[in-house]
Amino acid sequence: MTEMNSDKNIAIDFRELVSPFNAKMKAVNELIRERMASRHAPRIPEVTAHLVESGGKRLRPILTLAAAGLYDYEGDYDVYLAATVEFLHTATLLHDDVVDESEMRRGRATANLLWDNKSSVLVGDYLFSRSFKLMVETGSLRVLDILADASGTIAEGEVLQLTSARDLSTGEEHYLQIVRGKTATLFSAAAEVGGVVAEASEDDIAALREYGDALGIAFQIADDLLDYKGDIGDTGKKVGNDFRERKLTLPLIKSIAASNRTEHSFWQRCICKGEQREGDLEHALAILEKRNALVETRDDALRWAERAKDSLRGLPKHRIRDVLGGLADFAVMRVS
């Protein structure tokens, strides 16, 4: 897949890539709008629509549709599960923005900033309940088990990140554990339930699960890298937000591990103590470049994308298998 530089070209390329799912995604969007409605609390659809309709790529529901489509599934439950996955994702974003005290997502003000923290948390809870209602309607206990487990793992990953925040001893293995919890588990579950509902073989379901896991890790590493070298038009947030919020993502972890005593003291002041001054972001970027942390992070993202594509090799030869490979390329295109 050819690398593209402008946001417009990336968007056009992505639309072309996922065009086989246009009809199904239309049904998913209609179901989302229907199920996020509330007769008694109009704030619920207001807050939900602000995030759901803010222009996200909808990678996770597309994974569910693609995994089911790989086996030419013709029923409706892939649509139900795709909407379920998007509700779960949206609920976690609402909660994350409160925890992180974020003010911008996808280039727009966050719901907690426009309304308040209470509304964001409670609407997130409502979306969790809607997602479980949709799961139940598929009639599959296995699907319910997969997505319920994913929900718990996501919360566990967020708590793990919270409890290890600003600890300069945090290593790459611990970072991957957090990423698997907060990001990759939903990618993995989204692909897995698509295979389950389409009655794929157990080997294929396992391959889809592994694909989603590797894709989610590649996507998150690329996202963390873009915080230090992207732009607001591509990421929807200012460069250096993770630094300002004192988050220990992979670029910082790699740089800290290679830092000398002076650099380590700088990280202690900025990350552990939160004593950030004018010019500190620029100095941090200089250290990241000096310690080759950005290049190494990019290489890790590319390796995980390749691992995702490797997971597809045993799956049926189908045009949608090529789409899944293309999604792995897309996940890291912005940093490759």
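Residues numbered from 1 in each chain as written. Predicted model: local features only at pLDDT ≥ 70, side-chain atom pairs only at ≥ 80, totals over all residues. Heavy atoms only, no water.

Participant: Tell me about the packing of aromatic side chains, and name the residues and values.
Facilitator: Summed over all chains, the structure comprises four aromatic pairs. Here Y77 and Y80 contribute two aromatic rings whose centre-to-centre distance is 5.7 Å and whose plane-to-plane angle is 90 degrees, an arrangement assigned as edge-to-face. Separated by three residues within a single helix, Y77 and Y80 lie in helix α5 (residues 77-99), roughly one turn from each other. Residue Y77 is classed as partly exposed on the basis of its relative accessible area, which comes to 33%. Exposure remark for Y80: the relative accessible area of 23% places this residue in the partly exposed category. Taking NZ or CZ as reference, R307 lies 4.0 Å from the ring centre of W304, over its face. (Phe/Tyr/Trp six-rings, centres within 6.5 Å; stacked < 30°, edge-to-face > 60°. Helix = DSSP H or I, 4+ residues; strand = E, 2+ residues; numbered from the N terminus. Buried < 20%, exposed > 50% of the residue type's maximum accessible area, 1.4 Å probe, protein only. Lys NZ or Arg CZ within 6 Å of the ring centre and 35° of its normal.)

Participant: Mind laying out the nonpolar core, listing which residues take part and the relevant values?
Facilitator: It is characteristic of soluble globular proteins that their nonpolar side chains tend to be buried jointly. Core analysis: the largest hydrophobic core is formed by 101 residues, its most contacted members being F21, L147, F243, W267, L324 and L327. In terms of residues, this core owes the most to one element, helix α10 (residues 202-229), which gives 14 residues. Apart from residues no more than four positions distant in its own chain, L147 is found in contact with L81, T84, V85, L88, M135, A189 and V193. (Core = buried A, V, L, I, M, F, W, Y, C linked by side-chain atoms within 4.5 Å. Contact = heavy atoms within 4.5 Å.)

Participant: So what's going on with the state of the cysteines? Residues and values would help.
Facilitator: Here is the idea: a disulfide is a covalent bond, and it sits between the sulfur atoms of two cysteines. This structure, assessed with the given rule, holds zero disulfides. The cysteine C270 is free of any disulfide, with C272 supplying the nearest cysteine sulfur at 9.8 Å. Relative accessible area serves as the criterion here: at 0%, C270 is assigned to the buried category. Among the residues examined, C272 registers a relative accessible area of 32% and is labelled partly exposed. (Disulfide = S-S within 2.5 Å.)

Participant: Got a sec to walk through the pattern of salt bridges? Specific residues and values, please.
Facilitator: Close approach of charged atoms lets side chains of opposite charge pair. By the definition in use, this model includes 20 salt bridges. One salt bridge connects D300 with K254, and the closest N-O pair in it is separated by 3.1 Å. Pair noted here: D300 is in helix α16 (residues 293-310) and K254 is in helix α13 (residues 250-258), with a separation of 46 residues, a long-range link. E263 is paired through a salt bridge with R291; the nearest N and O atoms lie 3.0 Å apart. A residue pair is termed long-range when its members are at least 10 positions apart, and E263 in helix α14 (residues 261-272) and R291 in the loop between α15 (280-290) and α16 qualify at 28 residues. A relative accessible area of 6% places E263 in the buried class. Taken together, the shared-partner salt bridges in this structure form one network comprising E172, K254, E296, D300 and R303. (Salt bridge = Lys/Arg side-chain N within 4 Å of Asp/Glu carboxyl O.)

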